[in-house]
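Inside the fold
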Amino acid sequence: MSRLPVPDPTEERRIHLERLDHLDRLDRLHRRDRSGHPDRPDRLYRLDVLYRPDRSTRPASPNRLLIVEDDLLLAATLAMALSDRGLAVETVAGPSAASLLETVRQLAPVLVLLDLVLGPPLGSGLELIAPVISAGGRVIVMSAVADRMRLAACVEAGAIATVSKAAGFGDLVDAVRRAVAGEDLLTEEQRQVLLAELRVHRQADRAPAAAFAALSRREQAVLALMVAGQSAGAIAVSNYVSLATVRTQIRSILAKLHVRSQLAAVAMARQAGWSPQ
């Protein structure tokens, strides 16, 4: 395992002063955005926290990291902590997916730390994982989302791991440091378990759709009236059929949906967001 470079103390002081200046400007930008005067939407938010902010004189770094995060203060704080550990760090938050991918191609980072829930115009980090990987980046997804299936979908899309913002700042920094050093944050067994859970979850989601698709048009119409709150008797009257006919149709609906009561059938339809075809 390669050792990360240790910066020169004199250089560290200069860098520290640069960081304070960066943070001061970021803080003023953050306050201005929150006061109702947002910056131009096409602005490329980028904070250089490298040892040499002048990119033209910066040597290629084997430990370059790109942070994609729309919370500028969080991104700056995280960038400072990671640069203190010998990483060359840049942050970016737009202005578009195309510009983000171009940045990945230009910088060729060893790792991209990607926020799962980005603000406009980037949107969902999940949809950016595969394009970032295609552009040459390895991706760790950073998120405050606790939905295990969404995180599993990130791994399925190609992320090497997910890290939680709620786990603590130190844990987040340590996870990134370990990934850059070549350690696996997810074992193959953990990865396979996540993907298996995701498959089961999707199959469970598809099952109700298949059950509703099995209903005849007449049964769908009856179920729609049940969801609307009509009783069997009211359905019979409004459709000019006997109550016995409606009850037969309801029994068929319950059997196809694998439920035991009209209330359960209605709840299942509402939960699935079902509507007749």
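Look up: the structure comes first, before these words.
Keep in mind that this is a model prediction, so the values were computed, not measured.

What the rule picks out here adds up to 1 aromatic pair. Here the aromatic rings of phenylalanine 212 and tryptophan 274 are separated by 5.5 Å at their centres, their planes lie at 20°, and the arrangement is stacked. Taken together, the residues phenylalanine 212 in helix α7 (residues 188-213) and tryptophan 274 in the segment after α11 (262-272) connect sequence positions 62 residues apart. Assigned by exposure class, phenylalanine 212 and tryptophan 274 land together as buried.

Looking now at helix α5 (residues 148-157). Residues of α5 that are buried include every one of Met149, Leu151, Ala152, Ala153, Cys154 and Val155, and no others. Two to three positions downstream of the cap, the backbone nitrogen of methionine 149 sits 3.0 Å from a side-chain oxygen, assigning the N-cap of α5 to aspartate 147.

Our focus in this paragraph is the pattern of salt bridges. Taken as a whole and judged by the stated rule, the model has 9 salt bridges. Taking the shortest distance from any N to any O, the salt bridge between arginine 202 and glutamate 156 comes out at 2.8 Å. Residue arginine 202 is located in helix α7, and its partner glutamate 156 is located in helix α5; the two are separated by 46 residues in the primary sequence. The class for arginine 202 is partly exposed, based on a relative accessible area of 31%. For glutamate 219, the salt bridge identified is with lysine 256, shortest N-O distance 2.9 Å. Here glutamate 219 is found in helix α8 (residues 217-227), whereas its partner lysine 256 is found in helix α10 (residues 243-257), with 37 residues between them in sequence. Through salt bridges with shared partners, one network takes in Glu69, Asp115 and Lys165.

Criteria and cut-off values
Residues numbered from 1 in each chain as written. Predicted model: local features only at pLDDT ≥ 70, side-chain atom pairs only at ≥ 80, totals over all residues. Heavy atoms only, no water. Phe/Tyr/Trp six-rings, centres within 6.5 Å; stacked < 30°, edge-to-face > 60°. Helix = DSSP H or I, 4+ residues; strand = E, 2+ residues; numbered from the N terminus. Buried < 20%, exposed > 50% of the residue type's maximum accessible area, 1.4 Å probe, protein only. Polar contact = N/O pair within 3.5 Å; in protein donor to acceptor, adjacent residues only side chain to side chain. Salt bridge = Lys/Arg side-chain N within 4 Å of Asp/Glu carboxyl O.

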